[in-house]
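One letter stands for each residue in the lines below.
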Amino acid sequence: VMWIVEDLEKNLIRELDFRLEAHNAETTKKKLSHLHPQVYIPHIYMELSSNRVLTMELCENMIKANDAAGLAAAGLDLVECAELICSTFAEMIFLHGRVHADPHAGNIYLRVLEDE
């Protein structure tokens, strides 16, 4: 039983270190940069971040991935949104060996892209 406690302690300490999360976000941003602007990972302000604070760019006009009514009201196609999320996660896992272990609606947002 002690190995479980030791493993939990080691991983919990890593999970609570926001410098690691910042590094993972930057690495993922580079690996998925070819999907920009459809896939966007906010900028991390490293100089304002620490092991206990993660300071990220504020992204406005975002719609939670689980807000079907909000997505539809914004004119977004739900199937296209789902396909983008699924293909992005598949690429992260199968091509880059990266797993986003916390894929809830508070971490995945969508927005309408303005015509450039």
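Computed from a prediction, not measured in an experiment: that's the story for all the values here.

(A) Representation of unusual backbone geometry. With an omega dihedral of 10 degrees, the bond running from H36 to P37 counts as a cis peptide bond. The topology assignment puts P37 in the loop between helix 2 (18-31) and strand 1 (63-64). Positive phi values are uncommon outside glycine, yet N61 reaches one of about 60 degrees. With respect to the helices, strands and loops of the structure, N61 is situated in the loop between helix 2 and strand 1. On the accessibility criterion, N61 (69% relative accessible area) is exposed.

(B) Just helix 2, in detail. In a regular helix each residue adds 1.5 Å, so 14 residues correspond to 20 Å; helix 2 covers 20 Å between its end C-alpha atoms and thus fits that length. Burial in helix 2 covers these residues: A22, A25 and T28. Burial along helix 2 is one-sided: seen end-on, the buried residues are contained in an arc of 130 degrees. In helix 2, the exposed positions that point more than 90 degrees away from the buried face belong to R19 and K30. Sitting at the head of helix 2, D17 places a side-chain oxygen 2.9 Å from the backbone nitrogen of R19.

(C) Structural detail: the nonpolar core. Counting residues in each nonpolar core, the largest one holds 9 residues, listed as A22, A25, L32, V39, I41, I44, F89, M92 and I108. Of all elements in the fold, only helix 2 and helix 4 (78-95) reach the threshold of two or more residues within this core. Non-local contacts of L32, meaning those with residues more than four positions away in its chain, are made with V39, I41, T88, E91, M92 and H96. Judged by nonpolar contacts, the second largest core, of 5 residues, contains I63, L71, C81 and L110.

(D) Inspection of the confidence of the model for the chain at higher detail. Looking at the chain as a whole, its pLDDT mean stands at 91, while 99% of the residues score no less than 70. Taken element by element, the predicted model of the chain shows its lowest mean pLDDT in helix 1 (residues 2-15) (81) and its highest in helix 3 (residues 68-73) (97).

(E) Up close: the pattern of salt bridges. Applying the stated rule across the entire model yields 1 salt bridge. Across the pair D17 and R19 runs a salt bridge, and its minimum N-O distance is 3.0 Å.

(F) Structural context of the packing of aromatic side chains. Under the criterion given, the structure shown has 0 aromatic pairs. One cation-aromatic arrangement involves K29 over Y40; the distance from NZ or CZ to the ring centre is 5.6 Å. Of note, R111 hangs over the ring of Y40, and the distance from its end group to the ring centre comes to 5.1 Å.

(G) Examining helix 4 more closely. Its 18 residues give helix 4 an end-to-end C-alpha distance of 25 Å, which sits within 8% of 26 Å, the value for a rise of 1.5 Å per residue. Among all positions in helix 4, only C81, T88, F89, E91 and M92 are buried. When helix 4 is viewed along its axis, its buried side chains cluster within an angular range of 155 degrees and face the same direction. Helix 4 presents V79, E80, C86, F94 and L95 as exposed residues on the side facing more than 90 degrees away from its buried surface. Of the surrounding secondary structure, the elements contacted by the buried residues of helix 4 are helix 2 and strand 2 (109-110). Near the N-terminus of helix 4, the side chain that reaches the backbone nitrogen of V79, with its oxygen 2.9 Å away, is that of D77. Looking one or two residues past helix 4, G97 carries a phi angle of roughly 65 degrees, positive in sign.

Calculation criteria
- Residues numbered from 1 in each chain as written.
- Predicted model: local features only at pLDDT ≥ 70, side-chain atom pairs only at ≥ 80, totals over all residues.
- Heavy atoms only, no water.
- Helix = DSSP H or I, 4+ residues; strand = E, 2+ residues; numbered from the N terminus.
- Buried < 20%, exposed > 50% of the residue type's maximum accessible area, 1.4 Å probe, protein only.
- Expected span 1.5 Å × (residues − 1).
- Arc of directions from axis to C-beta.
- Polar contact = N/O pair within 3.5 Å; in protein donor to acceptor, adjacent residues only side chain to side chain.
- Core = buried A, V, L, I, M, F, W, Y, C linked by side-chain atoms within 4.5 Å.
- Contact = heavy atoms within 4.5 Å.
- pLDDT = per-residue confidence, 0-100.
- Salt bridge = Lys/Arg side-chain N within 4 Å of Asp/Glu carboxyl O.
- Phe/Tyr/Trp six-rings, centres within 6.5 Å; stacked < 30°, edge-to-face > 60°.
- Lys NZ or Arg CZ within 6 Å of the ring centre and 35° of its normal.

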